[in-house]
Amino acid sequence: MDSGRHDPVADDGRPAPGATGDRSAPDGASRLTAPSATVNRSVPDGTNRRPAPGAAGGRPGRASVKMRATTGAVLVVAVALAAGAAGLVLMVRESLRDGLETQAEQRVSALVAQGLATIAAAPANDETTGGSPASESPASGSPTGPAGPVEDAAEPEDDDDDEPEDVVWQVIDADGAVVRASQPLDRSLPTEDSGDVALPGADHHYLVATGRDAGFTVAVGVSLEDVDNSTSALVRPLLVGLPLLLLLVGGVTWTVVARALAPIERIRREAEEITGDRLDRRVPVPASRDEVHRMARTMNRMLARLQTSRDRQQQFVADASHELRSPLTSIRQAAEVSRAHPGALPDGELAETVLEESARMSRLVDQLLLLTRAGEGAVTRTRQDVDCDDLVLAEAARVRRGGLTVDTTGVGAGRVRADPAALAQVVRNLADNAARHATSRLAVAVRESGGAVELIIEDDGDGIPAEQRERVFERFVRLDEARARDDGGSGLGLAIVAELVRAHDGTVTITDSPLGGARFTVRLPVE
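On a predicted model such as this, the values are computed, not experimentally measured, just so you know. (Residues numbered from 1 in each chain as written. Predicted model: local features only at pLDDT ≥ 70, side-chain atom pairs only at ≥ 80, totals over all residues. Heavy atoms only, no water.)

A. Structural view of the environment of A271. The residue A271 is located in helix α3 (residues 225-273) in this model. Separated by 28 residues in sequence, A271 and M299 place their C-alpha atoms 9.3 Å apart. Contacts of A271, omitting those with residues within four sequence positions, involve V283 and M299. (Helix = DSSP H or I, 4+ residues; strand = E, 2+ residues; numbered from the N terminus. Contact = heavy atoms within 4.5 Å.)

Written as structure tokens, this is what we have:
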């Protein structure tokens, strides 16, 4: 029985996530609705596509180094200058306030010294209601009170002038009534030190200081007009000067960074032109002895290494191709002669040629693989204690079977941590090389010296010229090309020795032998 509800499905028959069925459909079929889904109708398949970075609506690219450096410098200087300017204004204003506060306290002390009770009991001026200002002394013309002169006492003002003087004072009794004042005020001054006070008719606040004597309180107010005016006079040049200074800092930073980045831009343009077949090109080196100069020199040295590696790789491929082609050519020639002239070759010569040349190819491929493994560090992954004297004595016995005399009197105990197969290959290659070039005699030795083990193999052959002693460790190098090829040498034996010894953190050197030939010395660390 159909319940009237249908699960929403997509075009492939699967339920559409988040869709709901519409039961109001006249045919009873559910209509799918997705209130929160939106479709980009500009794409034919209706899928939403994210804008590419840097395109309109995408994530904006980062600003240049010049812009970031300039913005950072301006922001840092702006914060520092703003903090310094604010501190300067506050310090100046506080210093001026301290001066006015000292002035008010001195006035309070002067009035208290005259006696507040005496001042309060003096006859009041009929024109004042809440006390009267001090009268003028006819002799001196300075304001005086009942107990003597009062400095800076305000002169009587016209009734219609309600603006307080810069310095005002009041004597207030215990009931809070003003019994004496420097001038009439619409309100009494505070009887406690309360900071700034706004007086009616005054354009600026007043700083109030108080004192007590004989049940009376004297309050002296000093106008902060000078403080406000001085602060305004200091702020105005700061508001003009600081933006100009920031513009100067931004301009200088932009110029300096642009000049510093100019060599990098030249290096970048040149680096873009360098490709795999143009490794002979170099980036420009600036004359300044700074970080950019060192970076350019480092890049040029890197390019030189890449060029050398590329050249060696190309030479290696060419030499390997040539070495592999020689046995293939021999096999092909023998096969062609055998097919063209069936009776020209003795029985079995074709098979012997194929076996000999294939063995030569097999040795060459094995040596190439060993060189590759040595370059990747695979030959030193398994290290164990190896007795070098056993390896040397075994190779000496093998060489003796070939008819040469081998002196082993110099073989002593020597143990190192190394890969046994790799170290055996080193000794065998050196022994084969010495046997190939010796006249009749070899000498081998093993000894410990200075925390290392030395393996020495020397012969009585013609030796190796001093200028060729580094070159013989390169791949496919034969000092006697024809003889080396005839003797089965591939030119890889000493290259393999150098790679394996280097992989074991050792060294191999060539010197003159007392026997008259070459002496190969391999030095391996004990640990």
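Here the narrative resumes, following the displayed structure.
B. Seen up close, empty space enclosed by the protein. The tally for this structure, following the rule as stated, stands at one cavity of 30 Å³ or more. The calculated volume of the largest cavity comes to roughly 40 Å³. Counting residues per element, the lining of the largest cavity draws most heavily on helix α6 (residues 388-400), which supplies four residues. Grouping the constituent residues of the lining of the largest cavity by class yields nine nonpolar, no polar and one charged. (1 Å grid on protein atoms, 1.4 Å probe; cavity = no way out; pocket = protein on both sides within 12 Å on 5 of 7 lines; lining within 4 Å. Points joined across faces, edges and corners; volume = space filled by probe spheres on them. Nonpolar A, V, L, I, M, F, W, Y, C, P; charged D, E, K, R; others polar.)

C. Local environment of the side chain of E458. Structurally, E458 can be placed in strand β13 (residues 452-459). Ignoring anything within four residues of it in the chain, the contact list for E458 reads L442, A443, S513, P514, L515, A518 and R519.

D. Quick look at the sheet that holds strand β15 (residues 518-525). Strand order in the open sheet formed by five strands is β10-β12-β13-β15-β14, and the pairing between neighbours is mixed. A strand with exactly one partner marks an edge of an open sheet, and here the two such strands are β10 (405-411) and β14 (507-512). Averaged over all pairs of adjacent strands, the angle between their axes in this sheet comes to 15°, without regard to strand direction. Here strand β12 (residues 441-449) pairs with β13 via eight bridges, running antiparallel. Along β13, the bridge assignment pairs L442 with D459. Along the sheet face, α6 touches β10, β12 and β13 and points at about 165° away from the line of β10. (Pairing = 2+ DSSP bridges. Axes fitted to C-alpha atoms, helices over the stretch in contact; angles between N-to-C directions.)

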